[in-house]
Amino acid sequence: MKEAEKLLDLRRKEMVETLKLYGITNRRVLDAFQDVPRHLFFKGEALDAAYNDGAYPIGFGQTISQPYTVALMTTLLVERCFSGKVLEIGTGSGYQSAILDALGYSVFTVERIFELYQRAEKLFSKCRLNIACRFGDGTLGWVEEAPFDAIMVTAGAPKEPESLLRQLAENGCMIIPIGGKDSQQMTVFRKEGNNCKRELFEHFMFVPLVGREGWDDTVF
Ligand code: SAM
């Protein structure tokens, strides 16, 4: 292994150790974080900075989420949905999709910024990842592929999009940060017949979910 690759490998191990210190204990999740090279999805000059526990700009006012945030959302999903079809809203860098793919899910992802969609699609193809990627307003879901065993929304929503809840399978779950512009609470919905059970977790600060069933883009 070349020196540069050894350094990145070491930094990735350190990132996983940091996640453990922050309370991420799920073995499947930790293994996926060890397996997926986050630096490939990162747009900084110094590639090893990809393994700091921070959110970083990826262009167009968007970010690759902090590893802890990705790990927590992934844990919430893995603990409720062992396998199956997952829809991610907000492809961004493509890192979260790659983590879900490494966990063995069948991954569908939607991005509303054309350049980010194109960049992620190229990267998935270069890395030979079998991830279905689509350009559009993810608040409306992906009707032709529904129902999904799980849906993960990686942008902050003012409320849960009804279209997404409708596209959940029975007993399926949706993980979504909900709140105002400056702070959102991680929320998990589980579909049980005509009802949806809701669980609440930590607060985060996400970029906005902009779309027909999200924020109006004139607000930002
Ligand atoms: N999952 C991403 C990753 O791993 O890099 C995180 C990306 S960022 C925190 C959130 C993304 O959601 C941005 O790329 C943004 O353009 C996208 N987004 C916001 N509203 C959206 C919508 N209605 N449909 C699809 N994508 C949306």
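Everything discussed here concerns the structure shown above.
Residues take numbers from 1 onward in each chain, read along the sequence in its written order. Reporting of local features is limited, given that this is a predicted model, to residues whose pLDDT is at least 70; pairs of side-chain atoms are given and counted only at 80 or more, and all residues count toward the totals for whole chains, interfaces and linings. As a rule here, side-chain values cover all heavy atoms of the structure and leave hydrogens and water aside.

Undergrad: I'm lost on unusual backbone geometry in this one. Help?
TA: For residues that are not glycine, phi is negative in most cases, and the peptide bond is trans in most cases. The omega torsion of the bond from Ala 146 to Pro 147 falls at 5°, within 30 degrees of zero and hence cis. Even without glycine at this site, Phe 60 takes up a positive phi of about 60°. Among the secondary structure elements, Phe 60 is positioned in the loop between strand 1 (56-59) and strand 2 (62-64). Buried residues are those whose accessible area, probed at 1.4 Å on protein chains only, stays under 20% of the maximum for their type, while exposed residues exceed 50% and partly exposed ones sit between those limits. A relative accessible area of 44% places Phe 60 in the partly exposed class. Put simply, DSSP H or I for four residues or longer makes a helix, DSSP E for two residues or longer makes a strand, and each gets a number counted from the N terminus.

Undergrad: Is there a simple way to think about the packing of helix 1 (residues 3-21) against helix 2 (residues 27-35) in this case?
TA: For any two helices packed against each other, the geometry is given by the interaxial angle and the distance between the axes. What counts as an axis is a line fitted to C-alpha atoms, over the stretch in contact for a helix, and the angles between N-to-C directions run from 0 to 180 degrees. Packing of helix 1 against helix 2 brings their axes to within 9 Å, and their N-to-C directions diverge by 155°. Taken together, the axes of helix 1 and helix 2 are roughly antiparallel relative to one another. The two elements helix 1 and helix 2 cross, and the hand of that crossing is right-handed. Of helix 2, the residues touching helix 1 (which contributes Asp 9, Arg 12, Lys 13, Met 15, Val 16, Leu 19 and Lys 20) are Arg 27, Leu 30, Phe 33 and Gln 34. If an angle is under 35 degrees, it is roughly parallel; if it is over 145, roughly antiparallel; if it lies from 65 to 115, roughly perpendicular; otherwise it is oblique. Handedness of each helix crossing follows the sense of rotation of the near helix against the far helix: counterclockwise by less than a right angle gives left-handed, clockwise gives right-handed. Any two residues whose heavy atoms approach within 4.5 Å are treated as being in contact.

Undergrad: Help me understand the pairing of strand 6 (residues 148-153), please; the structure alone is not making it clear to me.
TA: One face of the sheet, then the other: side chains in a regular strand alternate in exactly this way. Taking burial as the measure, the 6 residues of strand 6 include 5 buried ones, the bulk of the element. Pairing analysis gives 4 bridges linking strand 3 (residues 85-89) to strand 6, with the strands arranged parallel. Residue pairing in the sheet places Val 86 in a bridge with Ala 150 of strand 6. Sheet topology places strand 6 next to strand 7 (residues 168-179); 4 bridges connect them, and they run parallel. By the bridge assignment, Ala 150 is partnered in strand 7 with Cys 173. Between any two strands, at least two bridges found by DSSP are needed for them to pair.

Undergrad: Would you take a moment to explain the pattern of salt bridges for this structure?
TA: One side-chain nitrogen of Lys or Arg within 4 Å of one carboxyl oxygen of Asp or Glu is enough to make a salt bridge. Under the counting rule described, the total for this entry stands at 12 salt bridges. Between Arg 11 and Asp 48 there is a salt bridge; the shortest N-O distance is 3.5 Å. Linking Arg 11 in helix 1 with Asp 48 in the loop between helix 2 and strand 1, this pair joins segments that are 37 residues apart in sequence. Taking relative accessible area as the criterion, Arg 11 reaches 14% and is therefore assigned buried.

Undergrad: What is the right way to look at the site of the ligand in this model?
TA: Residues in close proximity to the ligand total 27 residues, the closest being Glu 88, Ser 93, Glu 111, Gly 138 and Val 210. Counted as a polar contact is a pair of N or O atoms within 3.5 Å, where, for protein atoms, one must be capable of donating a hydrogen and the other of accepting one, and residues adjacent in sequence contribute only when both atoms are in side chains. Residue Asp 137 places a side-chain N or O atom 3.0 Å away from a nitrogen atom belonging to the ligand. Against a free-state accessible area of 600 Å², the protein chains account for coverage of 99% of the ligand. The way it works is a 1 Å grid over only the protein atoms, where trapped points that fit a 1.4 Å probe form a cavity and open points with protein on both sides within 12 Å along at least five of seven lines form a pocket, and then any residue with an atom within 4 Å of a point lines it. Each molecule is assigned to a cavity or pocket provided more than half of its atoms lie within 2 Å of the corresponding grid points. The cavity where the ligand resides is the largest pocket. Taken together, the elements giving at least two residues each to the shell around the ligand come down to strand 2, strand 3, helix 4 (95-102) and strand 4 (106-111). The biggest single contributor to the shell around the ligand is strand 2, with 3 residues. Here the nonpolar group is Ala, Val, Leu, Ile, Met, Phe, Trp, Tyr, Cys and Pro; Asp, Glu, Lys and Arg are the charged ones; every other residue, Gly included, is treated as polar. When grouped by side-chain class, the residues that make up the shell around the ligand number 11 nonpolar, 12 polar and 4 charged. We call a residue near a molecule or strand whenever a single non-hydrogen atom of that residue lies within 4 Å of it. Reported accessibility uses the Shrake-Rupley method at a 1.4 Å probe radius. Residues are deemed covered only where the shown protein chains occlude them.

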